[in-house]
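So you can see what is in the structure, the chains are spelled out below.
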Amino acid sequence: MKKNILLITAMAISNIISAQIPEGYEVAQWKDFRQAAITYSFDDGTPNQIPAAVPTLEKYGYRGTFNLVTDWVKEWDGWKTISDNGHEIASHTVTHPYLDKLTAEQQTAELAKSKEIIEQNIGKECITMVYPYCVRGIDSIVADYYISARICCESFSSPSPQNMFAIASRLVGTESQYLKNTYDFNMWAKLAVKDNGWCVFLIHGIDNDGGYSPIKSVDLDSHLKFVQENDPTFWVGTFAEVSKYIIERNSLKISEKQQGEETEILVEATAESKVTKLDYPVTIKRRLPNGKGAIVTHNGKVIDSKLDDGCIIFDVVPGNTYLLVYDEGRMLLWTIFVVVGAILLILSAMRKRIGA
Ligand SMILES: [Zn+2]
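The residue numbers shown here count from 1 along each chain, following its written sequence. Only residues with pLDDT of at least 70 get local features here, since the model is predicted, and only at 80 or more are side-chain atom pairs given and counted; chain-wide, interface and lining totals rely on the full set of residues.

**Focus on the overall build of the protein chain**
Point 1. Strands here are runs of E lasting at least two residues and helices are runs of H or I lasting at least four, both read from the DSSP assignment and numbered beginning at the N terminus. Helix and strand counts for the protein chain stand at nine helices and 17 strands.
Point 2. Projecting the C-alpha coordinates of the protein chain onto the three principal axes gives extents of approximately 90 × 60 × 40 Å.
Point 3. Burial status across the protein chain gives 38% buried among its 356 residues.
Point 4. Residues are defined as contacting one another if the C-beta atoms placed from their backbone atoms lie within 7 Å. Residue pairs in contact within the protein chain that sit at least 24 positions apart in sequence constitute 70% of those at least 6 positions apart. To sort residues by burial, count the other C-beta atoms lying within 10 Å of each one's C-beta; a count of 20 or more means buried, 12 or fewer means exposed, and anything in between means partly exposed. C-beta atoms are built from the backbone.

Here it is, written out as structure tokens:
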């Protein structure tokens, strides 16, 4: 029993890769087989984040992660509204302390209380956090309340970070040595592609709102334009979305069963989380039998899929079953439909001519 507990704790902390993927399948490193992941992570709840950064992100259809120090929040309405629009509200503790200077009990209080206050005010789960001054505390305490946490370290993360509680990020803005403007942000994003990495931009102030190391919203705007123009390359996700994706992808278990002409696909995540449900869609690809097309159904409904070079690509949510329906039957139906339609059209045209 004790061994099991130790194992689960170790797994939660070190993100062991334990995926079980049958032959013929491929699990996308990043959503939709994009080449790199990007997260825009905003700290301290500075005054211009809601009025300037949020509309800029939304203009391009992107969502950010906003890390709040709960004692510093004067009113919650704005944060609740942006959360309702899909942005993530995450914890940056209650008082912004150096966690390493606190006792284990004090650290627990900072992590548990901030989570509780955010969840009460936002009405959604709070499952990630960022360390004040980028100083880590005790990982196992963080793991009791969050699925991942962000440090600084001026780098990007590998697709499978060794420790989900020490995710790298890079400071941008006036205090950053390298990432000051659009050109720098774009370069950094392009570099992440080389390593298929996860690029977390660490942002504070916007347009001199008094926040640390400000960036200009126009710089953010033209950078996001570049990212959107390269949409097949970059996946922009919140810190929680990308974290979930990594945990699920690395513990995904796929099994299949032939059901007559159809293939039943069962998808599970073997990782366990006491913090959240691992239910974020993961993109997979399956090779199809020679010359066959297919559609995918889930609970009797056809879901989005894409045929690509003899394979089918679609999203799966762990804990669900999907049915691969090969398209010979469908092709036959379509052919009958088109032929009957054509005959009816010809007949009606002939009838009209005869009538005239
Ligand atoms: Zn801070």
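**Some points on the confidence of the model for the protein chain**
Point 1. In predicted models, pLDDT denotes the confidence assigned by the predictor to each residue on a 0 to 100 scale. Residues at a pLDDT of 70 or more form 93% of the protein chain, whose mean pLDDT is 92.
Point 2. Note on residues 1-13: pLDDT under 50 across the span, and ten contacts to partners over four residues away in sequence or across chains.

**Quick word on the sheet that holds strand 12 (residues 282-287)**
Point 1. Within the open sheet, the four strands sit side by side as 1-12-16-15. Their pairing is antiparallel. Edge positions in the sheet fall to strand 1 (25-27) and strand 15 (306-308), since each of these pairs with one other strand and no more. Within the sheet, the average angular offset between the axes of one strand and its neighbour, ignoring direction, is 30°.
Point 2. Being paired, for any two strands, means DSSP has found at least two bridges between them. With three bridges joining them, strand 15 and strand 16 (residues 311-316) adopt antiparallel strand pairing. For Asp308, the partnering residue across the bridge sits in strand 16 and is Cys311. Only C-alpha atoms enter the line fits that serve as axes; for helices the fit covers just the stretch in contact. Angles between N-to-C directions range over 0 to 180 degrees.

**What about unusual backbone geometry?**
What you tend to see is this: most non-glycine residues have negative phi, and most peptide bonds are trans.
Point 1. Despite not being glycine, Phe33 has its phi angle at roughly 60°, a positive value.
Point 2. Along the chain, Phe33 falls in the loop between strand 1 and strand 2 (36-43).
Point 3. On the neighbour-count criterion, Phe33 (17 C-beta atoms within 10 Å) is partly exposed.
Point 4. The backbone phi angle of Cys134 is positive, close to 60°, even though this residue is not glycine.
Point 5. Of note, Cys134 is situated in the loop between strand 5 (128-130) and helix 5 (139-145).
Point 6. According to the C-beta neighbour criterion, Cys134 is partly exposed, with 16 such atoms within 10 Å.

**What to know about the domain arrangement of the protein chain**
Point 1. Domain annotation of the protein chain identifies domain 1 (34-245) and domain 2 (252-330).
Point 2. Domain start and stop points were drawn from an automatic or database domain assignment. Measuring from the centre of the C-alpha atoms in domain 1 to the corresponding centre in domain 2 gives 32 Å.
Point 3. The partner domain 2 presents six residues to the eight residues of domain 1 that form the contact.
Point 4. No other element matches the three residues that helix 8 (residues 239-249) contributes to the side of domain 1 that touches domain 2.

**Here we look at the pairing of strand 4 (residues 88-91)**
It is a general feature of regular strands that their side chains alternate between the two faces of the sheet.
Point 1. Here strand 4 shows a buried face lined by Glu88 and Ala90 and a second buried face lined by Ile89 and Ser91.
Point 2. The pairing of strand 3 (residues 65-68) with strand 4 spans four bridges and is classified as parallel. Note that in strand 4 the partner of Asn67 across the bridge is Ala90.

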